[in-house]
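# Notes for the structure review
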Amino acid sequence: MTYEPVYTRTPRNAFIPSPVFVGIVAVFAVSGFMTWSRFGNVKIDVFFFVISGWIISLCLHEYAHAITGYFSGDLSVADRGYLRLNPLKYTHPLLSIVLPVIVVILGGIGLPGGAVWVDHRYIRSRLKDSLISAAGPLTNVILALIVAVPFLAGMAPELSPTVSGQYNLSGADHLEFWAALALVAFLQVTASVLNLLPVPGLDGGSIISPWFSPAYQRAWNLVAPWGFLLLFLLLWQTQVGDYFYELVNWLAGLINVDPWLYALGFDLMRFWSST
């Protein structure tokens, strides 16, 4: 049985960024300037800079899924407002935005959130299905490379801990800004790795699942709601977490983002902490 798309007209404002997204970008720009100039409480500036940057990347991640779905045949994503980069339009804003932000604050890891809903009845090939799922994590990869440009260009200061384990903030211009930007880059690396893992319920799993047999797909979909929970437990309760951090630190090193620098960014972001 075939399905013909119900949505044949795209709303005029479908591709215009929402005021919510514009506001988040404004917070990112203003807090970035304040961090650079050390205006006011720099730790609070870093907090807003990192969190707003992370939310922007979440919006772009979901937008990539939606826009790929749109050009793959599901015009309904425009009607649902997914192409306006509005996080409030997601199927589960709590899972898509709130939970990933909380995990960043508590653990400093780019946790993947929920997804926009693409009606796969309108997607006519397995390749397009896979591309829709791959679009999100590939966006995180691109964002990581974009944020890493100044680090690759050698603009950021080198940082190392003192004998006492503390960070020496003197002698480096705009160090708090570079530490915050390094953390933004690190979050993109972690999000890229997590989203590309072939785990049921994550983008990596959705990339490969269209190529399974129908029976195996049904079994995969039954496990999908629990796949992320299992991964979460493995990362925080087993040695898998150590391997994960070794991998992301190595990848961050490839784009010249110093682990000590984004560690400092995480310490600064947690403004309520005395460290």
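In what follows, the structure referred to is the one given above.
Conventions we followed
- Residues numbered from 1 in each chain as written.
- Predicted model: local features only at pLDDT ≥ 70, side-chain atom pairs only at ≥ 80, totals over all residues.
- Heavy atoms only, no water.
- Helix = DSSP H or I, 4+ residues; strand = E, 2+ residues; numbered from the N terminus.
- Buried < 20%, exposed > 50% of the residue type's maximum accessible area, 1.4 Å probe, protein only.
- Contact = heavy atoms within 4.5 Å.
- Areas by Shrake-Rupley, 256 points an atom, 1.4 Å probe, with all protein chains shown as cover.
- Axes fitted to C-alpha atoms, helices over the stretch in contact; angles between N-to-C directions.
- Parallel < 35°, antiparallel > 145°, perpendicular 65-115°, else oblique.
- Expected span 1.5 Å × (residues − 1).
- Bend = angle between axes of the 7 residues up to and from the residue.
- Phe/Tyr/Trp six-rings, centres within 6.5 Å; stacked < 30°, edge-to-face > 60°.
- Salt bridge = Lys/Arg side-chain N within 4 Å of Asp/Glu carboxyl O.
- Core = buried A, V, L, I, M, F, W, Y, C linked by side-chain atoms within 4.5 Å.
- Polar contact = N/O pair within 3.5 Å; in protein donor to acceptor, adjacent residues only side chain to side chain.

### With respect to the overall build of the protein chain
Helix and strand counts for the protein chain stand at 10 helices and zero strands. For the protein chain, the α and β elements follow one another from N to C terminus as α-α-α-α-α-α-α-α-α-α. Across the 275 residues of the protein chain, 47% fall into the buried class. Taking as baseline every contact in the protein chain between residues at least 6 positions apart, the subset at least 24 positions apart corresponds to 76%. Accessible area for the protein chain stands at about 14,100 Å²; split by element, carbon and sulfur atoms hold 67% of it.

### Some words on unusual backbone geometry
Residue Arg38 is not a glycine yet carries a positive backbone phi of 55 degrees. In this fold, Arg38 is placed in the loop between helix H1 (19-37) and helix H2 (42-72). You will see that Asn256, though not glycine, has its phi angle at about 65 degrees, which is positive. Among the structural elements, Asn256 can be located in the loop between helix H9 (240-254) and helix H10 (259-269).

### Remarks on the packing of helix H6 (residues 175-196) against H10
The geometry of H6 relative to H10 is characterised by a closest axis approach of 7 Å and an angle of 100 degrees between their N-to-C directions. Taken together, the axis directions place H6 and H10 in an arrangement best described as roughly perpendicular. Contact residues: H6 offers Leu175, Glu176, Trp178, Ala179, Ala180, Ala182, Leu183 and Phe186, while H10 offers Leu261, Tyr262, Leu264, Gly265, Phe266, Leu268 and Met269.

### Quick look at helix H5 (residues 126-152)
For H5, built from 27 residues, the straight-helix expectation of 39 Å at 1.5 Å per residue is met to within 8% by its first-to-last C-alpha distance of 37 Å. Its maximal kink placed at Ala135, H5 deviates by approximately 35 degrees, while the proline Pro137 follows within four residues. Gly154 sits one or two residues past H5 and shows a positive phi near 80 degrees.

### Concerning the packing of aromatic side chains
Applying the stated criterion across every chain yields a total of 17 aromatic pairs. Considering the side-chain rings of Phe47 and Trp272, the 6.3 Å spacing of their centres and the 80 degrees angle between planes classify their relative orientation as edge-to-face. On the criterion of sequence distance, the pair formed by Phe47 in helix H2 and Trp272 in the segment after H10 is long-range, its members being 225 residues apart. Of the aromatic side chains, those joined through ring pairs into one cluster are Phe28, Trp36, Phe49, Phe151, Phe177 and Trp178.

### Remarks on the environment of Asn249
Here Asn249 lies in helix H9. On the basis of relative accessibility, which here comes to 29%, the residue Asn249 falls in the partly exposed class. Put simply, Asn249 and Pro259 are 10 residues apart on the chain and 6.6 Å apart in space, counted from C-alpha to C-alpha. For Asn249, the contacting residues outside a window of four places in its chain are Phe186 and Tyr262.

### With respect to the pattern of salt bridges
This structure, assessed with the given rule, holds three salt bridges. Among the ionic pairs, Arg80 bridges to Asp74, the shortest N-O distance being 3.4 Å. Asp74 sits in the buried class, given a relative accessible area of 0%. Residue Asp119 is joined to Arg121 by a salt bridge in which the shortest nitrogen-to-oxygen separation is 2.7 Å. Take Asp119: its relative accessible area is 6%, and that puts it in the buried class.

### Examining the nonpolar core
With 70 residues, the main nonpolar core has Val50, Ile51, Phe151, Leu183, Val257, Leu261 and Met269 as its most contacted residues. Those residues within four positions of Leu183 in sequence are excluded, and the remaining contacts are Val50, Tyr262, Gly265, Phe266 and Met269.

### With respect to the side chain of Ser31
For Ser31, the location among the structural elements is in helix H1. At a separation of 2.6 Å, a polar atom in the side chain of Ser31 contacts the main-chain carbonyl oxygen of Val27. Leaving out residues up to four positions away in the same chain, Ser31 has contacts with Asp45, Phe48, Phe49 and Ser52.

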